[in-house]
Amino acid sequence: VSGFFLDTLGRKVSLMIGSLVFVVGSVVQAACSSVAVMLIGRFISGCSIGILSTVVPLYQSELAPPQLRGGLTALHQVMVVFGVAIAAFADALLLPLDEGWRLAILIPVLPGLVLFVGMFFLPR
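J.: Could you give an account of the environment of isoleucine 49, with specific residues and numbers?
T.: For isoleucine 49, the location among the structural elements is in helix 3 (residues 35-63). Taking the C-alpha atoms as reference, isoleucine 49 lies 9.0 Å from valine 21; in sequence the two are 28 residues apart.

Next up, the structure:
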């Protein structure tokens, strides 16, 4: 699926679509009223993660100067792990709250929106 987006739409548009799909999936999950709707939201978010996990390192390596390519691509993976650690910390704080699980699911909408808006300022 990522290859289709990359070949037909390019890296920048693929990143923008991936971020919007992620936002939609997160909102569907946070607003769910049943397990079925939660699973649909998880599927939507999972599709976006599949696209983004392929496109982000590719886009970074194509834009980066040759001497920084390897480091920036590795930094992508480090930041993924950092994001997982932050999510675990946020879950520990939010899950005990009433409806805190909805907040924990909505927090990732912010980086998704930042990625979408930020892509307007980056080259193709």
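J.: Kindly report on the nonpolar core, identifying the contributing residues and their values.
T.: Soluble, globular proteins show a tendency: their nonpolar side chains are buried together. Phe5, Leu6, Leu15, Met16, Ile51, Leu52, Val55, Val56, Tyr59, Phe116 and Met119 form the largest nonpolar core, which has 11 residues in total. Residue assignment for this core shows that the elements contributing at least two residues are helix 1 (2-9), helix 2 (11-30), helix 3 and helix 6 (109-119). If one sorts the elements of this core by residue count, helix 3 sits on top with 5 residues. Not counting the four nearest positions on each side in its chain, methionine 119 is found in contact with Lys12, Leu15, Met16 and Tyr59.

J.: With reference to specific residues and values, describe helix 1.
T.: Think of an α-helix as turning once every 3.6 residues; residues three or four places apart then point the same way. Along helix 1, the positions that sit buried rather than exposed are Ser2, Phe5 and Leu6. Along helix 1, the residues classed as buried sweep out an arc of 95 degrees about the axis, all on the same side. Residues of helix 1 that are exposed and angled more than 90 degrees away from the buried face: Phe4 and Asp7. If you follow the buried residues of helix 1, they end up packed against helix 2 and helix 3. After helix 1 finishes, the residue glycine 10 shows a positive phi value of roughly 90 degrees.

J.: I'd love a proper account of the packing of aromatic side chains, names of residues and values included.
T.: Applying the stated criterion to the full structure yields 1 aromatic pair. A centroid spacing of 5.3 Å and a plane angle of 85 degrees characterise the contact between phenylalanine 116 and phenylalanine 120, whose relative ring orientation is edge-to-face.

J.: I'd love a proper account of the pattern of salt bridges, names of residues and values included.
T.: Pairing is possible between side chains of opposite charge, provided their charged atoms come close. Here the structure, examined in full by the defined rule, presents 2 salt bridges. A salt bridge links arginine 11 to glutamate 62; its shortest N-O distance comes to 2.9 Å. Here glutamate 62 lies in helix 3 and arginine 11 lies in helix 2, a separation of 51 residues in the sequence. Salt-bridge contacts for glutamate 99 lead to arginine 102; the nearest nitrogen and oxygen are separated by 2.4 Å. The partly exposed category is assigned to arginine 102, whose relative accessible area is 24%.

J.: Lay out the environment of isoleucine 17 in plain terms, naming residues and giving numbers.
T.: On the secondary structure map, isoleucine 17 appears in helix 2. In this structure isoleucine 17 comes out as partly exposed when scored by relative accessible area, which is 29%. As a C-alpha pair, isoleucine 17 and leucine 52 span 35 residues in sequence and 9.2 Å in three-dimensional space. Ignoring sequence-local partners within four residues, the contact set of isoleucine 17 consists of Phe5 and Leu9.

Basis of the calculations
- Residues numbered from 1 in each chain as written.
- Predicted model: local features only at pLDDT ≥ 70, side-chain atom pairs only at ≥ 80, totals over all residues.
- Heavy atoms only, no water.
- Helix = DSSP H or I, 4+ residues; strand = E, 2+ residues; numbered from the N terminus.
- Core = buried A, V, L, I, M, F, W, Y, C linked by side-chain atoms within 4.5 Å.
- Buried < 20%, exposed > 50% of the residue type's maximum accessible area, 1.4 Å probe, protein only.
- Contact = heavy atoms within 4.5 Å.
- Arc of directions from axis to C-beta.
- Phe/Tyr/Trp six-rings, centres within 6.5 Å; stacked < 30°, edge-to-face > 60°.
- Salt bridge = Lys/Arg side-chain N within 4 Å of Asp/Glu carboxyl O.

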